[in-house]
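# Descriptive structure summary
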Amino acid sequence: MRVDIVTALPEIVRGPLNESIPGRAQTKGLLDVVIHDLRDFTVDKYRRVDDYPFGGGAGMVLKPEPIFACLEHLQSIEGTIDEVIFLSPDGEVFNQSIANELSLKSRIVLLAGHYKGVDQRVRDSLVTREISIGDYVLSGGELPAMVLVDAIARLLPGVLGDTSSALTDSFQDGFLDAPTFTRPAKFNGLSVPDVLLSGDHRRIDEWRDHQRLEKTRMRRPDLLDASEFRSTGSRPTD
């Protein structure tokens with residue numbers, strides 16, 4: 001999979017995406033992240049990528065010319081672009097379902113807005129999808145772009161050592177994840193639930209299902225759909 005990130009501030013995204021899961025995905029040759037500096041596509045000697053908004057108002061707006069030039073360059077490179085995604089606070093809210101969907105694409109372009117956003121003609125003519133990572137405003141789309149890449153990278157086949165790990169993450173089936181424990185079994189007077197030490201995988205699965213349901217009910221009841229509850233037939237205890 002290839003992800004092109006278009007930004008006026010490339011250094012923000014360059015380092016973090018070489019670490020952890022996205023870095024591993026790139027090392028394995030399963031993900032190619034290419035960062036494009038908008039200033040490389042300007043034509044004036046000051047390399048300006050922003051200007052004042054027509055009609056007045058606070059803030060600066062990313063100019064259309066360098067973005068159009070960059071996208072034309074990307075379209076000239078071999079390989080079809082499946083999506084041009086603008087990271088915007090008024091886009092559809094990112095979730096696990098969207099991450100799953102995007103992980104099946106071959107190539108996407110992430111356009112990181114900055115300042116007061118981008119010229120609307122970019123959104124009308126070039127962008128195929130707009131995504132937000134939540135109902136709040138950041139300084140730019142660089143951090144949201146990194147969030148998307150990280151969420152997508154872990155879903156690519158072969159990236160994680162245990163292929164089932166991503167499939168059991170929170171939100172994959174509408175529930176939060178169950179509590180997890182590791183060694184030692186006792187620490188500071190606190191013990192791991194006996195069921196996890198029993199070796200009885202059926203009971204462990206039942207316990208985890210129950211814990212996931214209860215955690216979701218308490219913390220994110222909005223995720224619950226009564227028609228999709230899974231019944232284990234018992235309520236394991238700790």
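In what follows, the accompanying structure is described. All of these numbers come straight from a predicted model, not from anything done at the bench. (Residues numbered from 1 in each chain as written. Predicted model: local features only at pLDDT ≥ 70, side-chain atom pairs only at ≥ 80, totals over all residues. Heavy atoms only, no water.)

## Things to note about the layout of surface pockets
The line we're drawing: Buried and open spaces are told apart on a 1 Å grid over the protein atoms alone, a cavity being a set of points where a 1.4 Å probe fits but cannot get out and a pocket being an open set with protein on both sides within 12 Å along at least five of seven lines. Residues with an atom within 4 Å of a point are the lining residues. Grid points are joined across faces, edges and corners, and a volume is the space filled by probe spheres set on the points. A run of H or I in DSSP becomes a helix once it reaches four residues, and a run of E becomes a strand once it reaches two; helices and strands are each numbered from the N terminus. For this classification, Asp, Glu, Lys and Arg are treated as charged, while Ala, Val, Leu, Ile, Met, Phe, Trp, Tyr, Cys and Pro are nonpolar and the rest, including Gly, are polar.
Computed from the structure, the largest pocket encloses a volume of approximately 360 Å³. Ranked by residue count, the leading element in the lining of the largest pocket is strand β5 (residues 83–93), at 5 residues. Of the residues in the lining of the largest pocket, the class split is 11 nonpolar, 9 polar and 3 charged.

## Things to note about the pattern of salt bridges
Between side chains of opposite charge, a pair can form when the charged atoms approach closely. For the record, the criterion: Here, a salt bridge means any side-chain nitrogen of Lys or Arg that lies within 4 Å of a carboxyl oxygen of Asp or Glu. Exposed residues in this analysis have more than 50% of their type's maximum accessible area, buried residues have under 20%, and partly exposed residues fall in between, with area computed by a 1.4 Å probe over protein chains only.
Summed over the entire model, instances satisfying the criterion amount to 16 salt bridges. Taking the shortest distance from any N to any O, the salt bridge between R48 and D51 comes out at 3.7 Å. Note on R48: relative accessible area 35%, which makes it partly exposed. Its salt-bridge partner being E130, residue R123 comes within 2.6 Å of it at the nearest N-O pair. Using a relative accessible area of 17% as the deciding quantity, one classes R123 as buried. By sharing partners, the salt bridges in this structure join E83, E92, E101 and R129 into a single network.

## A look at the environment of I133
Condition: Working rule for contacts: check all heavy atoms of both residues, and any pair within 4.5 Å makes them a contact.
Residue position: I133 is located in the loop between β7 (129–132) and α6 (142–153). Residue classification places I133 among the partly exposed residues on the basis of a relative accessible area of 22%. Taking the C-alpha atoms as reference, I133 lies 9.2 Å from A145; in sequence the two are 12 residues apart. In this structure, I133 is in contact with F94, L138, P144, V147 and L148, ignoring residues within four places of it in sequence.

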